[in-house]
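Below are the chains, spelled out letter by letter.
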Amino acid sequence: MSTTLETVKLAYGHARRGDRRQLEPLIAEDATWHPASEGTWNPCRDGEAVLKTLMWRAGGANKLRPGQTIELGDRVVIQMKGKRLERLGAKGFIPRLFQIVEVRNGKIVRIQDYPRREAAMTAAGLTP
């Protein structure tokens, strides 16, 4: 069985290549994805929407991919890399986007975007 980080990296790799058949088994049917700010993007409420969004974000449009990571058991905190992060909710002079990805039984069950490192770290329970 692969680790949480391996599952996330594998999912992003398949999404970047547009390999839906390989990506689909890595996303739970009831998976959700919550954007960095409500209103800009609608949340994904099922696995199919998460799959489509991941393929769009990791594909040629944004080339979103994992950068620095902190693995926390069934979750991983990631600083994302890619193009045009500001349109995905990233903030700052140099826009940065952070995610917490939760994996259970080898499948992604939840993705939450954060516009700032502090918000992601607090949500992950890494700051007091």
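Our subject is the structure listed above.
Just so it is clear, the structure is predicted and the values come from calculations on it, not from any experiment. (Residues numbered from 1 in each chain as written. Predicted model: local features only at pLDDT ≥ 70, side-chain atom pairs only at ≥ 80, totals over all residues. Heavy atoms only, no water.)

Asks: Residues and numbers for the overall build of the protein, please.
Replies: What the protein contains, in helices and strands, is 4 helices and 5 strands. Here the C-alpha radius of gyration of the protein, 13 Å, is about what a compact globule of 128 residues would show, namely 14 Å. Viewed in the frame of its principal axes, the protein has a C-alpha envelope of about 35 × 30 × 25 Å. Taken over 128 residues, the protein has a buried fraction of 43%. Intrachain contacts of the protein at a sequence separation of at least 6 include 51% that bridge at least 24 residues. (Helix = DSSP H or I, 4+ residues; strand = E, 2+ residues; numbered from the N terminus. Rg over C-alpha atoms; globule rule 2.2 N^0.38 Å. Buried < 20%, exposed > 50% of the residue type's maximum accessible area, 1.4 Å probe, protein only. Contact = heavy atoms within 4.5 Å.)

Asks: Help me get a handle on the environment of isoleucine 94, residues and values and all.
Replies: Inspection of the secondary structure assignment puts isoleucine 94 in the loop between β3 (75-81) and β4 (97-104). For the pair formed by isoleucine 94 and arginine 116, sequence separation is 22 residues and the distance between their alpha carbons is 11 Å.

Asks: Lay out the sheet that holds strand β1 (residues 27-34) with the relevant residues and their values.
Replies: Strand order in the open sheet formed by 5 strands is β1-β5-β4-β3-β2, and the pairing between neighbours is mixed. Each edge of the open sheet carries a strand with a single partner, namely β1 and β2 (65-72). Put simply, the sheet's adjacent strands are angled 20° from each other on average, direction ignored. Two elements, β4 and strand β5 (residues 107-114), share 7 bridges in a ladder whose sense is antiparallel. Its bridge partner lying in β5, glutamate 102 is registered against arginine 110. Where helix α1 (residues 4-17) meets the sheet, its contacts fall on β1, β2, β3, β4 and β5, and the angle it forms with β2 comes to roughly 160°. Here helix α3 (residues 47-58) sits on the sheet and contacts β1, β4 and β5; the angle it forms with β1, its principal contact strand, is near 60°. (Pairing = 2+ DSSP bridges. Axes fitted to C-alpha atoms, helices over the stretch in contact; angles between N-to-C directions.)

Asks: Describe in detail α3, supporting the description with residues and values.
Replies: When the terminal C-alpha atoms of α3 are compared, their 16 Å separation across 12 residues agrees well with the 16 Å that a helix rising 1.5 Å per residue should span. Where α3 is buried, its residues touch α1, α2 (20-23), β1, β4 and β5. With a side-chain oxygen lying 3.2 Å from the backbone nitrogen of glutamate 48, the N-terminal cap of α3 falls on aspartate 46. (Expected span 1.5 Å × (residues − 1). Polar contact = N/O pair within 3.5 Å; in protein donor to acceptor, adjacent residues only side chain to side chain.)

Asks: Would you mind going over the side chain of glutamine 99 in detail, with residue names and values included?
Replies: Mapped onto the elements, glutamine 99 comes out in strand β4. Once residues lying within four places of it in the same chain are set aside, the contact partners of glutamine 99 are Tyr12, Trp33, Arg57, Leu64, Val76, Val77, Ile78, Met80, Ile111, Gln112 and Asp113.

Asks: For the packing of α1 against α3, give the residues involved together with the corresponding values.
Replies: The N-to-C vectors of α1 and α3 enclose an angle of 70°; their axes lie 7 Å apart at closest approach. Relative to α3, the element α1 is oriented roughly perpendicular. Along its contact with α1, which presents Ala11, Tyr12, Ala15 and Arg16, the element α3 presents Leu54, Met55 and Ala58. (Parallel < 35°, antiparallel > 145°, perpendicular 65-115°, else oblique.)

Asks: Describe the nonpolar core, listing the residues and the values that go with them.
Replies: Ranked by internal contacts, the top residues of the largest apolar core, which has 30 residues, are Tyr12, Leu54 and Val101. Contributing elements (two or more residues each) for this core: α1, β1, α3, β3, β4 and β5. Of the residues forming this core, the biggest block, 5 residues, is contributed by α1. Other than its neighbours up to four places away in sequence, leucine 54 contacts Ala11, Tyr12, Ala15, Leu23, Ile27, Trp33 and Gly59. In terms of nonpolar packing, the next biggest core, distinct from the first, is built from 7 residues, Phe98, Ala120, Met121 and Ala124 among them. (Core = buried A, V, L, I, M, F, W, Y, C linked by side-chain atoms within 4.5 Å.)

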